[in-house]
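# Analysis of the macromolecular model
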Amino acid sequence: MNKQVSSLTNEQGNPQEVFWTWISKSVRQLVADLAHKALELIRDNHLDAGWNQRSSGRRGYRNGYYRRQLTTSHGVVALKVPRCREGRLDTTVVFQRYQRRVKDVERILRHAYLLGCATRGLSQLAEQIFGGCLSHQSISVLMRWTDDALNAWRKQPIEPIYTVVYIDGMHVNRIVSDRTVMLVTGMREDGVLEVLGFCVGPGESCSELLADLRQRGLENMKLFVSDDSKAIRCALEWVYPEVAWQSCTFHRLSNLRLAIGQQNFRDKMVAEASCIFRCPTREAAIDVAVAWRNRWQTLSPWPVYQFMEGLSDSLNFYNLPMWWWKRARTNNPMERLIKTLRQRLRPMGCFHDDSAIERAVLGQLLRWHKIKLTHNT
């Protein structure tokens with residue numbers, strides 16, 4: 001040992017790099033030796049006889065070795081796996097049949113994928129960390145464990161304890177044609193926001209998703225909140241016609257700002273319009289809206305008309321208790337979730353199919369504890 005360390009100091013190059021390279025090789029060799037000894041003991045126990053031992057209890061004979069590689073957290077190790085003439089040797093203590101990576105390696109790769117690393121980038125990262133070549137298709141296969149979890153989650157019942165339900169979608173890149181991820185979240189009385197369901201489709205259509213949620217038990221909500229999407233409104237009128245719909249006030253004000261354009265009075269006009277949604281009662285909000293319309297109608301008629309059209313849909317949050325107003329008048333809780341989700345999905349690049357999108361979305365929601373696989377709300 002002392003001679004090996006002293007010889008390392010005499011080699012050319014960076015001494016620290018040479019030392020830690022030697023450490024890595026030594027650890028991989030140690031892991032291979034220990035695994036080989038374990039397999040030898042398993043073989044001896046299987047045969048009930050040692051090397052060249054003659055006994056009446058022998059249950060077979062040795063038949064040489066075969067070689068295989070196993071990716072471990074210490075790197076790729078080459079194993080000599082013993083064989084027996086009669087029967088197959090049980091090697092599950094060291095590795096499962098057809099297994100090429102230990103579970104710690106798969107756990108690290110899954111976690112890196114959930115952190116937002118693309119499959120191709122993750123294959124390069126695995127080569128740098130573990131020293132073995134791993135294709136991006138293998139990473140996709142590695143994440144298929146989420147399929148069973150997603151199917152089980154979509155079948156779990158939903159307790160009718162959500163007062164406000166938010167609906168919104170986000171754009172995702174996919175080969176051939178892009179997709180939209182529609183999410184439905186519910187806020188409980190204690191202010192906890194949970195994801196109730198999501199789907200992947202070509203547009204913002206969510207009728208089937210809402211119908212499935214209602215069949216699973218989503219009832220007794222007081223208000224749906226979303227932007228002014230026609231697809232969402234049609235779905236709500238078809239599945240939940242008896243529940244009020246709140247048009248997001250933030251989107252209404254944003255549309256007003258865009259309609260006004262580059263005018264010097266734009267900021268003042270939008271600021272006065274925002275005061276409508278901070279009134280103490282619904283009646284007071286209507287009075288302020290009428291006064292605002294009378295003041296700005298001559299100067300900017302078309303933006304005023306667009307803003308006032310359907311304004312009552314943005315005042316439905318007044319039907320809830322006062323402490324709900326700030327949470328229910330906008331779709332901001334959902335927007336914050338989508339913003340974080342988009343930051344994680346964008347580095348993954350363009351997805352191959354809808355299943356890959358669903359796996360990525362489910363993995364992120366599980367990581368943030370926004371859903372529970374044992375949904376007991």
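Scope of this entry: the structure provided in the associated data block. (Residues numbered from 1 in each chain as written. Predicted model: local features only at pLDDT ≥ 70, side-chain atom pairs only at ≥ 80, totals over all residues. Heavy atoms only, no water.)

This next bit is on the side chain of Arg 101. Summarising the element assignment, Arg 101 is placed in the loop between β2 (75-84) and α3 (103-114). Setting aside chain neighbours within four positions, we find Arg 101 in contact with Leu 70, Thr 71, Glu 106, Leu 109, Leu 134 and Leu 142. (Helix = DSSP H or I, 4+ residues; strand = E, 2+ residues; numbered from the N terminus. Contact = heavy atoms within 4.5 Å.)

Taken as a whole, helix α10 (residues 266-274) has its buried residues at Arg 266, Met 269, Val 270, Ala 273 and Ser 274. Buried residues along α10 cover an arc of 135° about the axis, so they all sit on one side. Close packing links the buried residues of α10 with α9 (249-260), α11 (282-296) and α12 (301-308). (Buried < 20%, exposed > 50% of the residue type's maximum accessible area, 1.4 Å probe, protein only. Arc of directions from axis to C-beta.)

On the basis of which strands lie adjacent, the open sheet formed by five strands has the order β5-β4-β3-β6-β7 and mixed pairing. Both edges of this open sheet fall to β5 (193-201) and β7 (244-247), since each of them pairs with a single strand only. Across the sheet, the mean angle from the axis of one strand to that of its neighbour is 20°, orientation sign disregarded. Judged from the eight bridges that link them, strand β4 (residues 179-188) and β5 form a sheet pairing that is antiparallel. By the bridge assignment for β5, Val 184 is matched with Gly 197. In this fold helix α14 (residues 332-345) packs onto β3 (162-172), β4 and β5, with an angle of close to 35° to the strand it touches most, β3. (Pairing = 2+ DSSP bridges. Axes fitted to C-alpha atoms, helices over the stretch in contact; angles between N-to-C directions.)

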